[in-house]
Amino acid sequence: MGPPRRGNYTIFMGLVVLALLGFAALAIDSTMITMAELQAQATADAASHAALVMYRNSEDADRTADATAAAHHIVSRNSVALGTANLDGVEYGGFRFDTRTFCPGGCSGLGHINAVRVSLSRENTNAINLVLAPLFGIYTHDVRAEAVTSQQQRAIMLIQDWSGSMFTGKVPQAIDNSREATWGFYQYLSDHPQDGDMLGLAGYAQLGVLEDGFGTEFPTDPSWAQLTVNEGAGNKAYLEEKIRGICNSEDGCPDPDPFGISTAADHHPLEDDIGACTNPEIAIRQAMHQLTTKTDITFFRGIVLFSDGVFNCNTDGSWNSGQANDRAIDAVDEAWNVHGINVWTILLSSGGSVNPSAMANLVRGAGFAQVGNDQTELLNMYLEVARSLPTALVK
């Protein structure tokens, strides 16, 4: 008989059990650590976002107090590995999109605070307690997270339907109400400033032109659809002057006509100057050109189209609603699918011919369609779009 081997199996089984415990500790505790890191990052993202939104919307003299309180609220109500993280810091400053860097206290050249950085942790006495790793002398693990939320750069083009149906009879006072609504949209952005915001105007009717060498809609017609884009404080007065010029000729118009097309004494484009039929494609492409040449992909870009939805201009100047609708759809498809430009539509019905479905078919991205039956609704519809614009981008 050979020597007894029972003890050998006991030693072997002990080693196997120890190895199994090691693998179990690695699996369980690494899973917990990964979960904790994900939860910490999600909490930091949410806290920085909440702080920036509160900072932007607070009416208090010390907006940072409200904003920091919002960050604390988020951190205190979000679990990180079955515990609560410590909010280590809330910093207010600037964010440069070109270099993707955060500047505590603000970046040189930025007008105001446009970003918040939040840091949080579970470490030291608040570190995460491990489950099986203590068998090997490892009792806790530190978790840290940081997030920067910056205000989104935004560029919006407002498109004005300047065709015959916008003047008298079919939609009374639509032009005048459009001026007030456009001004309200502009004022909302001015009252809630974000560094990098850009706002422009485009207009269209039958006789239009695409700028910068695109060619005229009708080669024998004069160009008229001048575009304006606000690229900073230096252009605000210019943009305001253009908005004031949107008005109904029957009521008299201030200087200047916003699109520079009228020779009338009241400085308003008359139907004889611009034609009567309608196709928004030309202005959509004008707006698209402005947005793609004056901004880059870091911007949120949008088009807001105001019209009655009755599109009826053929390429040769004849009236053809089917072709006009198809051309408008092709234009917004390119805007969204190629350039990521969101499209909103606003329709005002006041007893004339309207086509809500044509307007709804032009909505793209984050945009939505609105239909109003009263002149007083137009301003609120514009403001609804302004309020829906994104305010923040988490890095």
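Residues numbered from 1 in each chain as written. Predicted model: local features only at pLDDT ≥ 70, side-chain atom pairs only at ≥ 80, totals over all residues. Heavy atoms only, no water.

Considering the overall build of the protein
Rules: A helix here means a DSSP run of H or I that spans at least four residues, while a strand means a run of E at least two residues long, and both kinds are numbered starting from the N terminus. Relative accessibility under 20% of the residue-type maximum defines a buried residue, over 50% an exposed one, and the middle range a partly exposed one, all with a 1.4 Å probe and only protein chains included. Every residue pair with non-hydrogen atoms within 4.5 Å of one another is taken to be in contact. Areas reported as accessible are Shrake-Rupley estimates using a 1.4 Å probe. Residue values count occlusion only from the protein chains shown.
If you tally the helices and strands in the protein, you get nine helices and 15 strands. Counting across all 395 residues of the protein, residues that qualify as buried make up 49%. By sequence separation, contacts in the protein at least 24 residues apart represent 71% of the contacts at least 6 residues apart. When the accessible area of the protein is evaluated, it comes to approximately 18,100 Å², of which 53% is carbon and sulfur surface.

Some remarks on the state of the cysteines
This is how it is decided: A pair of sulfur atoms, both from cysteines and within 2.5 Å, is called a disulfide here.
Overall, the coordinates contain one disulfide when judged by the stated rule. The disulfide partner of Cys-103 is Cys-107, and the S-S distance across this bridge is 2.0 Å. Around the S-S axis, the bridge from Cys-103 to Cys-107 shows a dihedral of about 95° and counts as right-handed. This pair shows no difference in class: Cys-103 is buried, exactly as Cys-107 is.

What to know about the pattern of salt bridges
Here is the rule: Here, a salt bridge means any side-chain nitrogen of Lys or Arg that lies within 4 Å of a carboxyl oxygen of Asp or Glu.
This model, assessed by the stated rule, comprises nine salt bridges. Between Arg-144 and Asp-142 there is a salt bridge, and its shortest N-O distance comes to 3.9 Å. By relative accessible area, Asp-142 is classed as partly exposed at 30%. Glu-334 serves as the salt-bridge partner of Arg-285, at 2.8 Å between the closest nitrogen and oxygen. Here Arg-285, found in helix H6 (residues 281-294), pairs with Glu-334, found in helix H7 (residues 321-339); they are 49 residues apart in sequence, far enough to count as distant.

Looking at the packing of aromatic side chains
Operational definition: Only Phe, Tyr and Trp rings are paired, with Trp represented by its six-membered ring, and only when their centres lie within 6.5 Å; those with planes under 30 degrees apart are stacked, over 60 edge-to-face, the remainder tilted.
The final tally for this structure, using the stated rule, is six aromatic pairs. The structure contains a cluster of three or more aromatic residues connected by ring pairs, namely Phe-185, Phe-306 and Tyr-382.

A short note on unusual backbone geometry
Positive phi outside glycine occurs at Leu-82, with the angle close to 65°. Within the fold, Leu-82 resides in the loop between helix H2 (63-76) and strand S1 (86-96). The phi dihedral of Asn-124 falls on the positive side, at around 55°, and the residue is not glycine. Tracing the backbone shows Asn-124 in the loop between strand S3 (115-122) and strand S4 (128-129). On the basis of relative accessibility, which here comes to 61%, the residue Asn-124 falls in the exposed class.

Some thoughts on helix H3 (residues 174-191)
The test is simple: Expected span of a helix, by definition, is 1.5 Å for each gap between consecutive residues, and there is one gap fewer than residues.
Taking 1.5 Å per residue as the helical rise, H3 with its 18 residues ought to reach 26 Å, and the 25 Å between its terminal C-alpha atoms agrees with that figure. Taken together, the buried positions of H3 are Ala-174, Ile-175, Asp-176, Asn-177, Ser-178, Ala-181, Thr-182, Gly-184, Phe-185, Tyr-186, Tyr-188 and Leu-189. Packed against the buried residues of H3 are strand S7 (154-161), strand S8 (198-204), helix H4 (236-244), strand S12 (300-307), strand S13 (342-348) and helix H9 (377-388).

Considerations on the confidence of the model for the protein
For clarity, the cut-off: pLDDT measures how confident the predictor is about each residue, on a scale from 0 to 100.
Looking at the protein, the pLDDT average stands at 78 and 73% of residues meet or exceed 70. Ranking the elements of the protein by mean pLDDT puts strand S10 (residues 215-216) last with 38 and S3 first with 95. Contacts from residues 209-227, a stretch scored under 50 in pLDDT, to residues over four places away or in other chains number 53 contacts.

Details of the environment of Ala-324
Position of Ala-324 among the secondary structure elements: in helix H7. Each C-alpha atom, one on Ala-324 and one on Thr-278, is 8.0 Å from the other, the two residues being 46 residues apart in sequence. In contact with Ala-324, other than residues within four places in its own chain, are Thr-278, Asn-279, Phe-311, Asn-312 and Cys-313.

Thoughts on the packing of H3 against H9
Inclusion rule: Each axis is a line fitted through C-alpha atoms, and for a helix only the stretch in contact is used; angles between axes span 0 to 180 degrees, taken between their N-to-C directions. Under this scheme an angle from 65 to 115 degrees is roughly perpendicular, one under 35 degrees roughly parallel, and one over 145 degrees roughly antiparallel; angles in between are oblique. Handedness of a helix crossing follows the sense of rotation of the near helix relative to the far helix, less than a right angle counterclockwise being left-handed and clockwise being right-handed. The classification used treats Ala, Val, Leu, Ile, Met, Phe, Trp, Tyr, Cys and Pro as nonpolar, Asp, Glu, Lys and Arg as charged, and all other residues, Gly among them, as polar.
Where H3 meets H9, the axes come as close as 8 Å, and the angle between the chain directions of the two elements is 30°. When the axis of H3 is compared with that of H9, the two are roughly parallel. In this structure, H3 crosses over H9, and the sense of that crossing is right-handed. Contact residues: Ala-174, Asn-177, Ser-178, Glu-180, Ala-181, Thr-182, Gly-184, Phe-185 and Tyr-188 in H3; Leu-378, Leu-379, Tyr-382, Leu-383, Val-385, Ala-386 and Arg-387 in H9. Split into classes, the residues belonging to the contact of H3 with H9 amount to 10 nonpolar, four polar and two charged.

Details of the packing of H3 against H4
Contact pair H3 / H4: the axes reach a minimum separation of 9 Å and the direction vectors enclose 155°. The orientation of H3 with respect to H4, classified from their angle, is roughly antiparallel. Of H4, the residues touching H3 (which contributes Arg-179, Thr-182, Trp-183, Tyr-186 and Ser-190) are Lys-236, Leu-239, Glu-240, Ile-243 and Arg-244. Tallied by class, residues from the contact of H3 with H4 come to four nonpolar, two polar and four charged.

Here's the deal with H6
With 14 residues, H6 extends 20 Å between its outermost C-alpha atoms, agreeing within 8% with the 20 Å of an ideal straight helix rising 1.5 Å per residue. Counting buried residues in H6 gives 10 out of 14 residues, a clear majority hidden from the surface. Among all positions in H6, only Glu-281, Ile-282, Ala-283, Ile-284, Gln-286, Ala-287, Met-288, His-289, Gln-290 and Leu-291 are buried.

Regarding the nonpolar core
Generally speaking, a soluble globular protein has its nonpolar side chains buried in company with each other. Threshold: Only buried residues count toward a nonpolar core. Its members are Ala, Val, Leu, Ile, Met, Phe, Trp, Tyr and Cys residues joined through side-chain atoms within 4.5 Å.
Among the nonpolar cores identified, the biggest contains 29 residues, and Ile-156, Leu-158, Phe-185, Phe-306, Ile-346, Leu-378 and Tyr-382 are the most heavily contacted of them. For this core, the secondary structure elements donating two or more residues are S7, H3, S8, H4, S12, S13 and H9. Here this core gets seven residues from one element, more than from any other, and that element is H3. Setting aside chain neighbours within four positions, we find Phe-306 in contact with Ile-159, Gln-160, Asp-161, Met-166, Ala-174, Ser-178, Tyr-204, Ile-346, Leu-348, Met-359, Leu-378 and Tyr-382. Grouped together as the second largest cluster of nonpolar side chains are 28 residues, Ala-85, Ile-113, Val-143 and Ala-147 included.

Considerations on the pairing of strand S2 (residues 101-104)
Residues in a regular strand point their side chains to alternate faces of the sheet. Test applied: The criterion for strand pairing is that DSSP finds at least two bridges linking the strands in question.
Two elements, S1 and S2, share four bridges in a ladder whose sense is antiparallel. In the strand pairing of S2, Gly-93 is matched with Pro-104.

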